[in-house]
Amino acid sequence: AILTSTESPPVPPNAMGQERSRPSNETRIVAQSVAQEATTRKFEGHACWLVRKTDMPGMVSEWARSPRSSSQSAAALQSFAEEPLPKELTLWGLTEASLVEGGRGSYMTAPAPAQLLVLLLPGEVNTIKRIARSHDIDPLLACDLLCDWMVSMVPKRCRIHALEDVAALGLDIDRLNRVALN
């Protein structure tokens, strides 16, 4: 993000110890890195809903074809898109709550486009079988969404079996496992 500011930053003294002057109305361009932006954003939680399994292949294939997909993430996404989905598995859509008019929570229908799809085997311990991430969401925020979603299932625990997806999509497996196993 590029920000402009008309405020003058403090001007350091010159070699002789005298302050230099700078007009206070000078416009400066301040560049903020993606990492800085990610650490300053406020995470507001997640919105989730059940996704029809018939909708998944097209959505995930489109994510795989994104020019922002690495060859590794495109292969993982395409593999997910082509995988048969057994009846006992549920497919969840997740998106950050700030993009949803109604805010965080569970919805009967998709309140916004999915940023993540999670294939889950429900049980005494829920097992995450596959994960797909849109490249419109950075991996840090994707981890926030997944962690918030898993915490919302407490007292149920989760187990993550989607290790190849996690690695290919740049997600933090250590952080996800800490949340899943607690």
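Computed from a predicted structure; not experimentally measured.

1. Points about the pairing of strand 7 (residues 125-133)
And step 1. When you tally the buried positions in strand 7, you get seven out of nine residues, the bulk of the element.
And step 2. Of the pairings in the sheet, the one linking strand 6 (residues 116-121) to strand 7 comprises six bridges and is antiparallel in character. Considered in strand 7, the bridge of Leu119 is made with Arg130.
And step 3. As consecutive antiparallel partners, strand 6 and strand 7 are separated by three residues.
And step 4. This β-α-β element, strand 7 to helix 4 (residues 139-152) to strand 8 (residues 157-160), shows right-handed connectivity.

2. Re the packing of aromatic side chains
And step 1. Applying the stated criterion across every chain yields a total of one aromatic pair.
And step 2. Ring centres 5.9 Å apart and planes at 55° place the aromatic pair Trp92 and Trp149 in the tilted group. Of this pair, Trp92 sits in strand 4 (residues 90-96) while Trp149 sits in helix 4, and the two are 57 residues apart along the sequence. Across the pair, Trp149 and Trp92 agree in class, each one buried.

3. Digging into the confidence of the model for the chain
And step 1. Per-chain confidence: the chain averages 83 in pLDDT, with 77% of residues scoring 70 or above.
And step 2. Low confidence marks residues 1-9, where pLDDT is under 50. Its contacts with residues over four positions away, or in another chain, come to 27 contacts.
And step 3. Within the model, pLDDT remains below 50 along residues 20-39, and this stretch shows 36 contacts once partners closer than five positions in the same chain are excluded.

4. Looking at the packing of helix 2 (residues 56-64) against helix 3 (residues 71-82)
And step 1. One way to put it is that helix 2 packs onto helix 3 with a least axis distance of 8 Å and a crossing angle of 170°. Between helix 2 and helix 3, the interaxial angle falls into the category roughly antiparallel. Within the contact between the two elements, helix 2 uses Met56, Pro57, Val60, Ser61, Trp63 and Ala64 and helix 3 uses Ala74, Leu77, Gln78, Phe80 and Ala81.
And step 2. Residue composition of the contact of helix 2 with helix 3, grouped by class: nine nonpolar, two polar and no charged.

5. A word on unusual backbone geometry
And step 1. Following Val154, the chain continues into Pro155 via a peptide bond in cis, with omega recorded as 20°.
And step 2. Relative to the helices and strands, Pro155 is located in the loop between helix 4 and strand 8.

6. Here's the deal with the environment of Gln115
And step 1. Along the chain, Gln115 falls in the loop between strand 5 (105-106) and strand 6.
And step 2. Taking relative accessible area as the criterion, Gln115 reaches 8% and is therefore assigned buried.
And step 3. Separated by 22 residues in the primary sequence, Gln115 and Gly93 place their C-alpha atoms 7.3 Å from one another.
And step 4. Setting aside residues no more than four positions away along its own chain, Gln115 makes contact with Trp63, Leu94, Thr95, Glu96, Leu99, Ala132, Arg133, Ser134, Ile137 and Leu145.
And step 5. There is a polar contact of 3.1 Å between the side chain of Gln115 and the side chain of Thr95.

Reading the values: the criteria
Residues take numbers from 1 onward in each chain, read along the sequence in its written order. Local features are withheld for residues below a pLDDT of 70 in this predicted model, meaning they are given only at 70 or higher, and side-chain atom pairs are given and counted only at 80 or more; totals for whole chains, interfaces and linings count all residues. Water and hydrogen atoms were dropped before computing side-chain values, which therefore reflect all heavy atoms in the structure. Only protein chains enter the accessibility calculation, which uses a 1.4 Å probe; a residue is then buried when its area is under 20% of its type maximum, exposed when over 50%, and partly exposed in between. Helix numbers and strand numbers start at the N terminus; a helix is a DSSP run of H or I with at least 4 residues, a strand a run of E with at least 2. Strand pairing is defined by DSSP finding a minimum of two bridges between the two strands. With its strands directed away from the observer, a crossover is right-handed exactly when the path from the first strand over the helix to the second travels clockwise. Note on aromatic pairs: the rings of Phe, Tyr and Trp (six-membered ring only in Trp) are paired at centre separations within 6.5 Å, and the planes decide the class, stacked below 30 degrees, edge-to-face beyond 60, tilted for the rest. A residue's pLDDT is the predictor's confidence in that residue, given on a scale from 0 to 100. Note on contacts: a residue pair is in contact if any heavy atoms of the two residues lie within 4.5 Å. Helix axes are fitted to C-alpha atoms over the stretch in contact, other axes to C-alpha atoms as well, and angles between N-to-C directions run from 0 to 180 degrees. Here roughly perpendicular refers to angles of 65 to 115 degrees, roughly parallel to angles under 35, roughly antiparallel to angles over 145, and oblique to all remaining angles. In this count, Pro and Cys sit with the nonpolar residues alongside Ala, Val, Leu, Ile, Met, Phe, Trp and Tyr, while Asp, Glu, Lys and Arg are called charged and the others, Gly among them, polar. Polar contact criterion, stated in full: a pair of N or O atoms within 3.5 Å, where within protein one must be able to donate a hydrogen and the other to accept it, and residues adjacent in sequence count only if both atoms are side-chain atoms.

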